[in-house]
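Below are the chains, spelled out letter by letter.
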Amino acid sequence: MSYVPFYDPAKSYLDNFEHGPFGLFADTSPASPTSEPKHQFLGHPVFVPFGIPAGPLINGRFVKAALDMGFDIPVYKTVRTHRFECHPWPNVLAVKVEGDLVPDRTLIANHNYAEPLSITNSFGVPSFGPEFWQPDMAEAAAYAGPGQVVVGSFQGTLPENGSVASYLEDFVLGARLVKETGVKIIEVNLSCPNEGTANLLCFDIQRSRRVVEAIKDEIGSVPLVIKMAYYKDDHRLEEFVREVGKTVDGISAINTISAEILDEDGKQALPGAGRLRSGVCGSAVKWAGLAMASRLARLRGELGMKFAIVGVGGVGNAAAFDEYRRAGADAVMSATAAMWNPRLAEEIKGQSHEL
Ligand SMILES: Cc1cc2nc3c(=O)[nH]c(=O)nc-3n(C[C@H](O)[C@H](O)[C@H](O)COP(=O)(O)O)c2cc1C
């Protein structure tokens, strides 16, 4: 790990928010392109169809630094329609994984970040209120230079004592608030808890369909990307794509894979209720992101659909970017590896064979 991470896991979320980004992201200046962008992402020209997915770019300063460093499709972190507190520190820990991570393993976590890097992240999707993030997201979106485009991510929240109808309404309100910022692409996180059940929203196919149709009604022609988790079952994935694939403009996969996270003494590593299990990302989930990219590409062809595929999971170098492109991803993104390697976009620009 040769660089200082731009989000510092040793610090609290608020400390990162107020003082970050760190390392090379702390002092960037706008790139001055000398050529024309050759690629397109959802109708927008981009130099490299590569970016940072929802999460690590926690406010506009982080998004601007990512743009300066050549991440041409940065996603502004997932926001909510109202303020929502972050889980207590720590929010990021290194995890030891032998080989590929399949769902529901038990892993040991510590603070030693070493290659091949996999981490668990546990924030609870915190958010400031729209009075903060709307102007901040608007400014970050406007900062994108030629050949770059900012994506705004959001998710719905079940209001206290709310019904399923009010949960849906919150998604629609979130979509409206994000659209008002002027971002050119909107992403909705469906790999979030399906409020009122024990599962993720993207595994509830009918509710996912209702959510994306209601959002699309609200945002009209602004492209809508959905963020989804790894689906084990091929038939269920096909059913999901049949139900939502015509409504959405892009599918981004994957989010994290859930595991039980213990410290070196065998105790729960992340303090507090509901945090024994936590999402794992980085190198150990690359197999699952790649598999989803190729399964989505096959289904898109078989079903005659047009949605763009955003390949996410364990991308740490140009070779991995190329593997995702060959699997069928229109764009590729990296969260974990990019946090520790601010030069990753530059490296991909210089070394990819698939551009
Ligand atoms: C620090 C951090 C925060 C994240 N927060 C979110 C989030 O708010 N919304 C979301 O959809 N995904 C979130 N993710 C998941 C990433 O977008 C991505 O799907 C996952 O990390 C897999 O990519 P990777 O292996 O390159 O890290 C987060 C990931 C990290 C590392």
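Check the entry above for the structure.
Report follows, based on the coordinates.

Cut-offs applied
- Residues numbered from 1 in each chain as written.
- Predicted model: local features only at pLDDT ≥ 70, side-chain atom pairs only at ≥ 80, totals over all residues.
- Heavy atoms only, no water.
- Helix = DSSP H or I, 4+ residues; strand = E, 2+ residues; numbered from the N terminus.
- Rg over C-alpha atoms; globule rule 2.2 N^0.38 Å.
- Buried < 20%, exposed > 50% of the residue type's maximum accessible area, 1.4 Å probe, protein only.
- Contact = heavy atoms within 4.5 Å.
- Areas by Shrake-Rupley, 256 points an atom, 1.4 Å probe, with all protein chains shown as cover.
- Near = heavy atom within 4 Å.
- Polar contact = N/O pair within 3.5 Å; in protein donor to acceptor, adjacent residues only side chain to side chain.
- Salt bridge = Lys/Arg side-chain N within 4 Å of Asp/Glu carboxyl O.
- Core = buried A, V, L, I, M, F, W, Y, C linked by side-chain atoms within 4.5 Å.
- Pairing = 2+ DSSP bridges.
- Axes fitted to C-alpha atoms, helices over the stretch in contact; angles between N-to-C directions.
- Phe/Tyr/Trp six-rings, centres within 6.5 Å; stacked < 30°, edge-to-face > 60°.
- Lys NZ or Arg CZ within 6 Å of the ring centre and 35° of its normal.
- Parallel < 35°, antiparallel > 145°, perpendicular 65-115°, else oblique.
- Nonpolar A, V, L, I, M, F, W, Y, C, P; charged D, E, K, R; others polar.
- Left-handed = near helix turned anticlockwise from the far one by under 90°.

### Regarding the overall build of the protein
Next, step 1: Broken down by element type, the protein carries ten helices and 15 strands.
Next, step 2: Its C-alpha atoms give the protein a radius of gyration of 19 Å, within 12% of the compact-globule value 20 Å for 355 residues.
Next, step 3: By principal-axis analysis of the C-alpha atoms, the protein measures approximately 55 × 50 × 40 Å.
Next, step 4: Out of the 355 residues in the protein, the part that is buried amounts to 55%.
Next, step 5: For the protein, the share of sequence-separated contacts (at least 6 apart) that also reach a separation of at least 24 residues comes to 73%.
Next, step 6: Carbon and sulfur atoms make up 50% of the accessible area of the protein, which amounts to about 14,600 Å² in all.

### Some words on the site of the ligand
Next, step 1: Neighbouring residues of the ligand: 21 residues in total, closest Ala54, Thr78, Lys227, Gly314 and Thr336.
Next, step 2: Within the contact set of the ligand, a nitrogen atom lies 2.7 Å away from a side-chain nitrogen or oxygen of Thr78.
Next, step 3: At 2.7 Å from an oxygen atom of the ligand is found a side-chain nitrogen or oxygen belonging to Lys227.
Next, step 4: Starting from 610 Å² of accessible surface for the ligand in isolation, the protein chains cover 96%.

### Some points on the pattern of salt bridges
Oppositely charged side chains can form a pair if their charged atoms are brought close together.
Next, step 1: Enumeration according to the criterion identifies 19 salt bridges in this entry.
Next, step 2: Of the charged contacts, one joins Glu323 and Lys286 as a salt bridge, the two residues approaching to 2.8 Å between their closest N and O atoms. Of this pair, Glu323 sits in helix α8 (residues 318–327) while Lys286 sits in helix α7 (residues 286–302), and the two are 37 residues apart along the sequence.
Next, step 3: Here Lys286 falls in the partly exposed class, since its relative accessible area comes to 22%.
Next, step 4: Linking Arg343 and Glu346 is a salt bridge whose minimum nitrogen-to-oxygen distance equals 3.3 Å.
Next, step 5: Overall, the relative accessible area of 31% leaves Arg343 in the partly exposed class.
Next, step 6: Residues joined in a network through salt bridges with shared partners are Asp234, Arg295, Arg298 and Glu302.

### Observations regarding the nonpolar core
Next, step 1: Counting 103 residues, the largest nonpolar core has Phe50, Phe71 and Phe240 as the members making the most contacts within it.
Next, step 2: Discounting residues that sit within four places of it in the chain, Phe50 has contacts with Phe71, Asp72, Ile73, Val315, Phe321, Val332, Met333, Ser334, Leu344, Ala345 and Ile348.
Next, step 3: In this structure, Ile185, Val225, Val310 and Ala331 belong to the second largest nonpolar core, which totals 14 residues.

### Focus on the sheet that holds strand β13 (residues 277–282)
Consider a sheet: its strands pair through backbone hydrogen bonds, and that pairing is either parallel or antiparallel.
Next, step 1: Taken in spatial order, the five strands close into a barrel running β5-β6-β12-β13-β7, and their pairing is mixed. Taken pair by pair, the neighbouring strands of this sheet meet at an average axis angle of 55°, ignoring direction.
Next, step 2: Inspection of the sheet shows strand β5 (residues 92–95) paired to strand β7 (residues 118–121) by three bridges, in the antiparallel sense. Within β7, the position partnered with Leu93 by the bridge is Thr120.

### A short note on the packing of aromatic side chains
Next, step 1: Tallied over the entire structure, the rule returns 17 aromatic pairs.
Next, step 2: Plain terms: the ring middles of Phe25 and Phe71 are 6.1 Å apart, the flat faces sit at 65° to each other, and that makes the pair edge-to-face. Residue Phe25 is found in the loop between α1 (13–19) and β1 (39–41), and its partner Phe71 is found in the loop between α2 (60–68) and β4 (75–79); the two are separated by 46 residues along the sequence.
Next, step 3: A centroid spacing of 5.9 Å and a plane angle of 85° characterise the contact between Phe50 and Phe321, whose relative ring orientation is edge-to-face. Placement of the pair is Phe50 in strand β3 (residues 50–51) and Phe321 in helix α8, with a sequence separation of 271 residues.
Next, step 4: Here a set of aromatic residues connected by ring pairs shows up, and it is made of Phe6, Phe25, Phe50, Phe62, Phe71 and Phe321.
Next, step 5: If you follow Arg80 out to its NZ or CZ, it ends over the ring of Phe84, 3.6 Å from the centre.

### Some words on unusual backbone geometry
Next, step 1: The peptide bond linking Gly20 to Pro21 adopts the cis configuration, its omega dihedral lying at 0°.
Next, step 2: Of note, Pro21 is situated in the loop between α1 and β1.
Next, step 3: Unusually for a residue other than glycine, Leu42 sits at a positive phi of about 50°.
Next, step 4: Residue classification places Leu42 among the partly exposed positions, given a relative accessible area of 22%.
Next, step 5: The phi angle at Val125 is positive, at roughly 50°, despite the residue not being glycine.

### Concerning the environment of Gly311
Next, step 1: The topology assignment puts Gly311 in strand β14 (residues 308–312).
Next, step 2: The class for Gly311 is buried, based on a relative accessible area of 0%.
Next, step 3: A C-alpha to C-alpha distance of 17 Å links Gly311 and Tyr76, two positions 235 residues apart in sequence.

### A few points about the packing of helix α3 (residues 130–143) against helix α4 (residues 164–180)
Next, step 1: At their nearest, the axes of α3 and α4 sit 8 Å apart, and the two run at 40° to each other. Classified by the interaxial angle, the pair formed by α3 and α4 is oblique. Counted together, Pro130, Trp133, Gln134 and Met137 of α3 and Leu177, Val178 and Glu180 of α4 form the full contact between these two elements.
Next, step 2: Among the residues making up the contact of α3 with α4, the classes are represented as five nonpolar, one polar and one charged.

### Topic: the packing of α4 against helix α5 (residues 205–219)
Next, step 1: Where α4 contacts α5, the axes come no closer than 9 Å and their chain directions differ by 35°. Viewed along their axes, α4 and α5 form a crossing whose handedness is right-handed. Residue-level contacts link Val164, Tyr167, Leu168, Phe171, Val172, Ala175, Arg176 and Lys179 of α4 to Arg207, Arg210, Val211, Ala214, Ile215, Glu218 and Ile219 of α5.
Next, step 2: Tallied by class, residues from the contact of α4 with α5 come to ten nonpolar, no polar and five charged.

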